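# Per-entry structural report
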Amino acid sequence: MILPVTGCQRKGNENYVPGSLAQNEETSAADVTKETTTEKPTRPPIDPSDKLIALTFDDGPYSPTTNKILDTLEKYNVPATFFVVGNRVSTYSDSVKRAHNMGCEFGSHTYSHKVLTKISSDEISRELNDSSEAIRKITGEDIKIMRPPEGAVNDSVRENVPYPLIMWSVDSKDWVHKKDSDKSYHEVYDYVFDGAIVLMHDIQPGTPDAVSRLIPDLQAQGYRFVTVSELMDARGIQMENGESYGSARPPVEEEETESSEESVGTEEVLTSDSISD
Ligand code: NI
């Protein structure tokens, strides 16, 4: 069964009690150990013609909020992608294990949330190696993708990061709206499109409630939720190390004016990630 947290399970939030997220933090963190799923859920094969969305969560893990998001993902049997900060992974390893067992994808958000354009190539390597190792210790698998803190990328980052750089095309701005989940909900619901990569943060207090509404409401619009790698695979995009990817729209006529996948929805949002840690 899922956690005895009421606010995040409900579609809509009219009965939501402000502050209940914080009040339930201890319960959620403690309960996850015995609630951890042991078998990966099965899902139908992804059809490339499906309307696809990849929800992504940065800056965690932080079990009090991460677990509430996982409750919703579990309820609807959908995956997401977590770009975790490596130095938080061992502290909240239960959430990492649980998400991994649910078929979620993990990527690096560096080891200590360093802005990679401001550090040396040696430091870039250390930030990525340390975070990859921290994740592998818990999941047993190597990561394949990363998201640079603040979306900051320059030539040094492109040359020294041994992973594809995953940006985003829809920003929930949950790091601005914080507890105001309705605003974060609309930042996504009103702007999402087939192939979007959505930026959220699983350390923000309003994010679990926004997610608990977004998933059923967007499913009702015909969308299917996938991980970043699943999205790229479904659209036939072979990601390359050091290259940026912010979306994976379906191949339609009007997209032919775009010169490459890099031009889709990345540059205009490069500086809007939070520096929450
Ligand atoms: Ni971040």
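Predicted model only: the values in this text are computed from it and were never measured.

## Remarks on the overall build of the chain
- Along the chain, the regular secondary structure elements total 11 helices and eight strands.
- Within the chain, the proportion of its 277 residues that are buried is 55%.
- The contacts in the chain between residues at least 6 apart in sequence include a share of 78% that link residues at least 24 apart.
- Accessible area for the chain stands at about 12,000 Å²; split by element, carbon and sulfur atoms hold 46% of it.

## A look at the coordination of the nickel ion
- For the nickel ion, every protein donor is listed as Asp59 (OD), His109 (NE2) and His113 (NE2), and the spread of their distances is 2.1 Å.
- Ordering the donors of the nickel ion by residue number gives the pattern D-x49-H-x3-H. Taken together, the residues span a long stretch of sequence, with Asp59 in the loop between strand 1 (51-58) and helix 3 (63-76) and His109 in the loop between strand 3 (105-108) and helix 6 (121-139) at a distance of 50 residues. There is no split in this pair, since Asp59 and His109 are both buried.

## Quick word on the packing of aromatic side chains
- Using the criterion set out here, one finds four aromatic pairs in the structure.
- When the ring of Phe57 is compared with that of Phe82, the centres are 5.2 Å apart and the planes differ by 25°; the resulting orientation is stacked. Residue Phe57 is located in strand 1, and its partner Phe82 is located in strand 2 (residues 81-84); the two are separated by 25 residues in the primary sequence. When sorted by exposure, Phe57 lands in the same class as Phe82, which is buried.
- Each ring, one from Tyr185 and one from Tyr189, has its centre 5.4 Å from the other, and the planes form 10°; the classification is stacked. With Tyr185 and Tyr189 both in helix 9 (residues 181-189) and four residues apart, this pair spans about one turn of that helix.
- Given the relative accessible area of 5%, Tyr185 is considered buried.
- Owing to a relative accessible area of 26%, Tyr189 belongs among the partly exposed residues under this scheme.
- The rings of Phe57, Phe82 and Phe106 are connected pair by pair, giving a single aromatic cluster.
- Just above the ring of Tyr223 sits the side chain of Lys51; from NZ or CZ to the centre is 4.3 Å.
- Above the face of the Phe193 ring, Arg249 is positioned so that its terminal group lies 3.9 Å from the ring centre.

## Re the pattern of salt bridges
- Applying the stated criterion across every chain yields a total of 12 salt bridges.
- Ionic pairing is found between Arg136 and Asp142, a salt bridge with its closest N-O pair at 3.2 Å.
- Of the residues examined, Arg136 reaches a relative accessible area of 35% and is grouped as partly exposed.
- Note that Asp180 is salt-bridged to Lys183, the shortest N-O span being 3.8 Å.
- Linked through salt bridges whose partners overlap, the residues forming this network are Asp71, Glu74 and Arg98.

Rules used in this analysis
- Residues numbered from 1 in each chain as written.
- Predicted model: local features only at pLDDT ≥ 70, side-chain atom pairs only at ≥ 80, totals over all residues.
- Heavy atoms only, no water.
- Helix = DSSP H or I, 4+ residues; strand = E, 2+ residues; numbered from the N terminus.
- Buried < 20%, exposed > 50% of the residue type's maximum accessible area, 1.4 Å probe, protein only.
- Contact = heavy atoms within 4.5 Å.
- Areas by Shrake-Rupley, 256 points an atom, 1.4 Å probe, with all protein chains shown as cover.
- Donors = N, O, S within 2.8 Å, 3.2 Å for Na, K, Ca; no water.
- Phe/Tyr/Trp six-rings, centres within 6.5 Å; stacked < 30°, edge-to-face > 60°.
- Lys NZ or Arg CZ within 6 Å of the ring centre and 35° of its normal.
- Salt bridge = Lys/Arg side-chain N within 4 Å of Asp/Glu carboxyl O.

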